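Here's the letter readout for the chains.
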Amino acid sequence: MKRILILGNCPLPDENTKSRPAAGLRTYQFLKPLLGNGVAGHAFSGMRREKFKVFLVTIAMPECYENEPGRKEMRHSDDFSQLQISKDDPNLFEEIQKIHDEFHPDAIVGVNTFPSAVAAGIKSAAPMWADINGWGMAEAQAEAFKKDSNNYLNHYFQMEKTILDRADKFSAVSKPQQYAINGELATLGRLNKETFNHKFVHHVPNGIEFFSGEEIEKEEAKRKTAEFFQNVPED
């Protein structure tokens, strides 16, 4: 049984919080196929997949919670454990390294940019998949324009570079982002004769899911989504 360490964001879709950004849903959608027989009474129940032993670390976004999210350990089943830890926890990196060293993963998955950067910092020989959910440097440029300062650019660049230097596989939410990551990899010298037959970047679009109690909103959400994206060109 393969052991998979996943780092992502929370709140997850089944959490009752004041907001649930897309980063939590993205984490859920990467986790979902890896869970074997599901977890009774959990948002991930009812699935039948090839079994993996999964340790999920959810890095909590404090702004989404009424109170500061603390450190919380959960054992959902024999094959699925979880640690929730705040993004602002001063021991974040040490805690995750400790989990890695005790869990001995066969592979590491980072979902979303910040968790992928944290995953890239783990001292490990395990292969790593990094999901760069959004192109960081375009977001950094927008932030710089909004704040009228270029001070943010180096921070975003260093975080992106940490991921690009470490990961073995990448995913992006759109084809333009996929091409942008390929360009960054070329700039860093990772597109070379040794990697000629290696496909680094995969296109994994964001999905839409509905959970228990949301069925009434489903058709209206579909209509609004189609209306919102009607003028957006295909990739």
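Please read all numbers here as calculations on a predicted model, not as lab measurements.

Enquirer: Tell me about the overall build of the protein, and please be specific about residues and values.
Expert: A count of helices and strands for the protein gives 7 helices and 8 strands. Among the 235 residues that make up the protein, the fraction classed as buried is 45%. Excluding contacts between residues fewer than 6 apart, the proportion of contacts in the protein whose partners are at least 24 apart in sequence is 64%. Accessible surface computed for the protein: about 13400 Å², of which carbon and sulfur atoms make up 51%.

Enquirer: Please provide a residue-by-residue account of the packing of aromatic side chains, values included.
Expert: The full count for this structure, using the stated rule, is 2 aromatic pairs. Judged by centre distance (5.7 Å) and plane angle (65°), the ring pair of Phe55 and Phe103 falls under edge-to-face. One end of the pair, Phe55, is in strand β2 (residues 53–60); the other, Phe103, is in helix α2 (residues 92–103), and 48 residues separate them in sequence. With a relative accessible area of 8%, Phe103 lands in the buried category. A centroid spacing of 6.3 Å and a plane angle of 50° characterise the contact between Phe170 and Phe200, whose relative ring orientation is tilted. Highlighted residues: Phe170 in strand β7 (residues 169–172) and Phe200 in the loop between α6 (175–187) and β8 (201–203), separated in sequence by 30 residues. Positioned over the ring face of Phe103 is Arg3, at 4.6 Å from the centre of the ring.

Enquirer: So what about α2? Which residues, and what values?
Expert: Taking 1.5 Å per residue, 12 residues should reach 16 Å; α2 reaches 17 Å between its end C-alpha atoms and fits that length. Every buried residue of α2 is listed here: Leu92, Glu95, Ile96, Gln97, Ile99, His100 and Phe103. Directly after α2, the chain includes His104, whose backbone phi takes a positive value near 55°.

Enquirer: Please give an account of the layout of surface pockets that cites residues and values.
Expert: Size it by volume and the second largest pocket reaches roughly 470 Å³. Forming the walls of the second largest pocket are 16 residues, and the residues nearest its centre are Asn9, Lys87, Thr113, Phe114 and Met159. Elements with a minimum of two residues in the lining of the second largest pocket: α3 (113–120), α4 (136–147) and α5 (151–166). Residues of the lining of the second largest pocket, tallied by class, amount to 7 nonpolar, 6 polar and 3 charged.

Enquirer: Account for the pattern of salt bridges, with residues named and values stated.
Expert: For the structure on display, the rule yields 9 salt bridges. Between Asp131 and Arg26 there is a salt bridge, with its nearest N and O atoms 2.7 Å apart. With Asp131 in strand β6 (residues 128–132) and Arg26 in helix α1 (residues 22–31), this pair connects stretches of sequence that are 105 residues apart. The same class applies to Asp131 as to Arg26, namely buried.

Enquirer: Could you give an account of the environment of Glu15, naming the residues involved and the relevant values?
Expert: In this structure, Glu15 sits in the loop between β1 (3–10) and α1. For the pair Glu15 and Tyr65, spaced 50 residues apart in the sequence, the C-alpha separation amounts to 9.9 Å. Residues in contact with Glu15, not counting those within four places in the same chain, are Cys10, Arg20, Tyr65 and Gln84. Here Leu12 takes part through its backbone nitrogen, which lies 2.8 Å from a polar atom of the side chain of Glu15. A distance of 2.9 Å separates a polar atom in the side chain of Glu15 from a polar atom in the side chain of Tyr65.

Enquirer: Describe the packing of α3 against α5, with residues and values.
Expert: In contact at an axis separation of 9 Å, α3 and α5 are set at 55° when each is read in the N-to-C sense. The angle between the axes of α3 and α5 places the two elements in the oblique class. The handedness of the crossing between α3 and α5 is left-handed. On the side of α3, the interface is formed by Thr113, Phe114, Ser116, Ala117 and Ala120, while α5 contributes Met159, Thr162, Ile163 and Arg166. Residues that form the contact of α3 with α5 fall into these classes: 5 nonpolar, 3 polar and 1 charged.

Enquirer: Tell me about the pairing of β2, and please be specific about residues and values.
Expert: Counting buried residues in β2 gives 7 out of 8 residues, a clear majority hidden from the surface. Both β1 and β2 contribute to a ladder of 8 bridges, which runs parallel. Counterpart to Gly8 in the pairing with β2 is Thr58. Inspection of the sheet shows β2 paired to strand β4 (residues 80–86) by 7 bridges, in the parallel sense.

Criteria and cut-off values
Residues numbered from 1 in each chain as written. Predicted model: local features only at pLDDT ≥ 70, side-chain atom pairs only at ≥ 80, totals over all residues. Heavy atoms only, no water. Helix = DSSP H or I, 4+ residues; strand = E, 2+ residues; numbered from the N terminus. Buried < 20%, exposed > 50% of the residue type's maximum accessible area, 1.4 Å probe, protein only. Contact = heavy atoms within 4.5 Å. Areas by Shrake-Rupley, 256 points an atom, 1.4 Å probe, with all protein chains shown as cover. Phe/Tyr/Trp six-rings, centres within 6.5 Å; stacked < 30°, edge-to-face > 60°. Lys NZ or Arg CZ within 6 Å of the ring centre and 35° of its normal. Expected span 1.5 Å × (residues − 1). 1 Å grid on protein atoms, 1.4 Å probe; cavity = no way out; pocket = protein on both sides within 12 Å on 5 of 7 lines; lining within 4 Å. Points joined across faces, edges and corners; volume = space filled by probe spheres on them. Nonpolar A, V, L, I, M, F, W, Y, C, P; charged D, E, K, R; others polar. Salt bridge = Lys/Arg side-chain N within 4 Å of Asp/Glu carboxyl O. Polar contact = N/O pair within 3.5 Å; in protein donor to acceptor, adjacent residues only side chain to side chain. Axes fitted to C-alpha atoms, helices over the stretch in contact; angles between N-to-C directions. Parallel < 35°, antiparallel > 145°, perpendicular 65-115°, else oblique. Left-handed = near helix turned anticlockwise from the far one by under 90°. Pairing = 2+ DSSP bridges.

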